[in-house]
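The chain contents come next:
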Amino acid sequence: MIGTMTNHTKPTLLISNVLPARPGDEAYNNICMRLWDRILEAAVPTWNVIREYAQEDGAEGAALRARDADAIVIMGGEDVHPANYGGSQGYNREGRHWYRADQGQLALVDYASRTGTPLLGICRGMQIINTAFGGTLEQDIADGTHTNPAILSDHRFVRHSVRVEADSNLERALSPVLINSELTISSAHHQRVHRLGDTLRISAYAPDGTVEAIESPDAPIIGVQWHPEDPADNIAQLRVLLAHMDARRAPRLERASTTLVA
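Rules used in this analysis
- Residues numbered from 1 in each chain as written.
- Predicted model: local features only at pLDDT ≥ 70, side-chain atom pairs only at ≥ 80, totals over all residues.
- Heavy atoms only, no water.
- Salt bridge = Lys/Arg side-chain N within 4 Å of Asp/Glu carboxyl O.
- Helix = DSSP H or I, 4+ residues; strand = E, 2+ residues; numbered from the N terminus.
- Buried < 20%, exposed > 50% of the residue type's maximum accessible area, 1.4 Å probe, protein only.
- Pairing = 2+ DSSP bridges.
- Axes fitted to C-alpha atoms, helices over the stretch in contact; angles between N-to-C directions.
- Contact = heavy atoms within 4.5 Å.
- Expected span 1.5 Å × (residues − 1).
- Disulfide = S-S within 2.5 Å.
- Phe/Tyr/Trp six-rings, centres within 6.5 Å; stacked < 30°, edge-to-face > 60°.
- Lys NZ or Arg CZ within 6 Å of the ring centre and 35° of its normal.
- Polar contact = N/O pair within 3.5 Å; in protein donor to acceptor, adjacent residues only side chain to side chain.

Caption draft 1: Main features of the pattern of salt bridges. One pass over the full model with this rule turns up 12 salt bridges. A salt bridge links D208 to R192; the shortest N-O distance between them is 3.9 Å. Of this pair, D208 sits in the loop between strand 9 (201-205) and strand 10 (211-215) while R192 sits in strand 8 (residues 192-193); the two residues are 16 residues apart in sequence, bridging distant segments of the chain. Residue classification places R192 among the buried positions, given a relative accessible area of 17%. Three or more residues joined by partner-sharing salt bridges are found here, namely E138, R192 and D208.

Below you can see the structure in the form of structure tokens.
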């Protein structure tokens, strides 16, 4: 497993995961590694990559690691603990929670917001962004249309279109792969945005009205509810999202001075 790749001619990308492995859950580990390998394939040609484990680092450790990063990706994973958004446990299809990982990744969003560090949240990562800005989540999509129940065994994501909002940062990021403001995406989630976080804007919808992307107008923060790192999808989508973060990153010294003031 690759943790850190160093080349000082490249910017540094911190990729945050919940855990390095899920003990006793080989099927979940397998799909997580497939998604990690796909992000690595897209990122390594142009980025140094640091992998961060939020359950191990917690809030303080994650924020410290972020100081070495020019951009951040928060990957998918388990449901965000309802305590983070004022919800209750006991909902349909509730899985295991990793509260310390939640705190670590919420700290990454806070750091990105304060320092102007570009951040991309994928699936759970988007839900972390919404939670960090005071939003809430619908805990279970009743009709189950956004995930394949057999995904852990067949690795097949649900495919559907999204419409990207005009004049959004997401539109600017995805413009090379959009067709008439639409994109076909890979979906695997049973939760979605309920109340939008403060100051955030919605930047993409699914045909059924599900919020598929959100962004901050004040910081280079974008969340997508889908999985651009699906190995069966066109890698160009993931590459243009990473390129957008590269284009929006600030010089390291400028970000360091912002951190010291905060």
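Now that the structure is up, let's keep going.
Caption draft 2: Highlighting the sheet that holds strand 10. With mixed pairing, 9 strands are arranged side by side in an open sheet as 2-1-3-4-11-10-9-6-7. Only two strands of the sheet have a single partner each, and these edge strands are strand 2 (48-53) and strand 7 (182-187). Going from strand to strand, the sheet's axes swing by 25° on average, the running direction of each strand aside. Here 3 bridges tie strand 3 (residues 71-74) to strand 4 (residues 119-122), and the two strands are oriented parallel to one another. Its bridge partner lying in strand 4, I72 is registered against L119. Where helix 1 (residues 26-43) meets the sheet, its contacts fall on strand 1 (12-17), strand 2, strand 3 and strand 4, and the angle it forms with strand 2 comes to roughly 155°. Across the face of the sheet, helix 4 (residues 124-132) comes into contact with strand 3, strand 4, strand 10 and strand 11 (221-224) while running at roughly 115° to strand 4.

Caption draft 3: Broad picture of helix 4. Of all 9 residues in helix 4, 8 are buried; the element is thus mostly enclosed. Buried within helix 4 are the following residues: R124, G125, M126, Q127, I128, I129, N130 and T131. Once helix 4 finishes, G134 follows within two positions and takes phi at roughly 90°, a positive value.

Caption draft 4: Broad picture of helix 7 (residues 235-248). Taking 1.5 Å of rise per residue, the 14 residues of helix 7 would be expected to cover 20 Å, and the 20 Å separating its terminal C-alpha atoms lies within 8% of that figure. Taken residue by residue, helix 7 has I235, Q237, L238, V240, L241, L242, H244 and M245 as its buried positions.

Caption draft 5: Structural view of the state of the cysteines. Overall, the coordinates contain 0 disulfides when judged by the stated rule. Note on C32: no disulfide assigned, nearest cysteine sulfur contributed by C123 at a separation of 11 Å.

Caption draft 6: Up close: the packing of aromatic side chains. What the rule picks out here adds up to 0 aromatic pairs. One cation-aromatic arrangement involves R51 over W36; the distance from NZ or CZ to the ring centre is 4.3 Å.

Caption draft 7: Molecular detail of the pairing of strand 9. Both strand 6 (residues 158-164) and strand 9 contribute to a ladder of 2 bridges, which runs antiparallel. Within strand 9, the position partnered with R163 by the bridge is Y205. Of the strand pairs in this sheet, strand 9 and strand 10 are connected by 4 bridges, and their pairing is antiparallel. Residue R201 lies in a different strand from strand 10, and its bridge partner there is E215.

Caption draft 8: Region of the structure containing the environment of A166. Relative to the helices and strands, A166 is located in the loop between strand 6 and helix 6 (169-174). With 155 residues separating them along the chain, A166 and P11 place their C-alpha atoms 29 Å apart. Excluding residues that lie within four positions of it along the chain, A166 makes contacts with E171 and R201.

Caption draft 9: Structural view of the environment of R239. Tracing the backbone shows R239 in helix 7. A residue is classified by how much of its surface remains accessible, and R239, at 40% relative accessible area, is partly exposed. Taking the C-alpha atoms as reference points, R239 and A42, 197 residues apart in sequence, are found 5.7 Å from one another.

Caption draft 10: How the structure looks around the environment of E215. Among the secondary structure elements, E215 is positioned in strand 10. Of the residues examined, E215 reaches a relative accessible area of 2% and is grouped as buried. It is 23 Å that separates the C-alpha atoms of E215 and R51, two residues lying 164 residues apart in sequence. Non-local contacts of E215, meaning those with residues more than four positions away in its chain, are made with S168, N169, L170, L200, R201, S203, I221 and I222. One polar contact links the side chain of E215 to the main-chain amide nitrogen of N169, over a distance of 2.8 Å. Engagement of the side chain of E215 in a polar contact is seen with the side chain of S203, the distance being 3.4 Å.

That is the geometry; function is a separate question.
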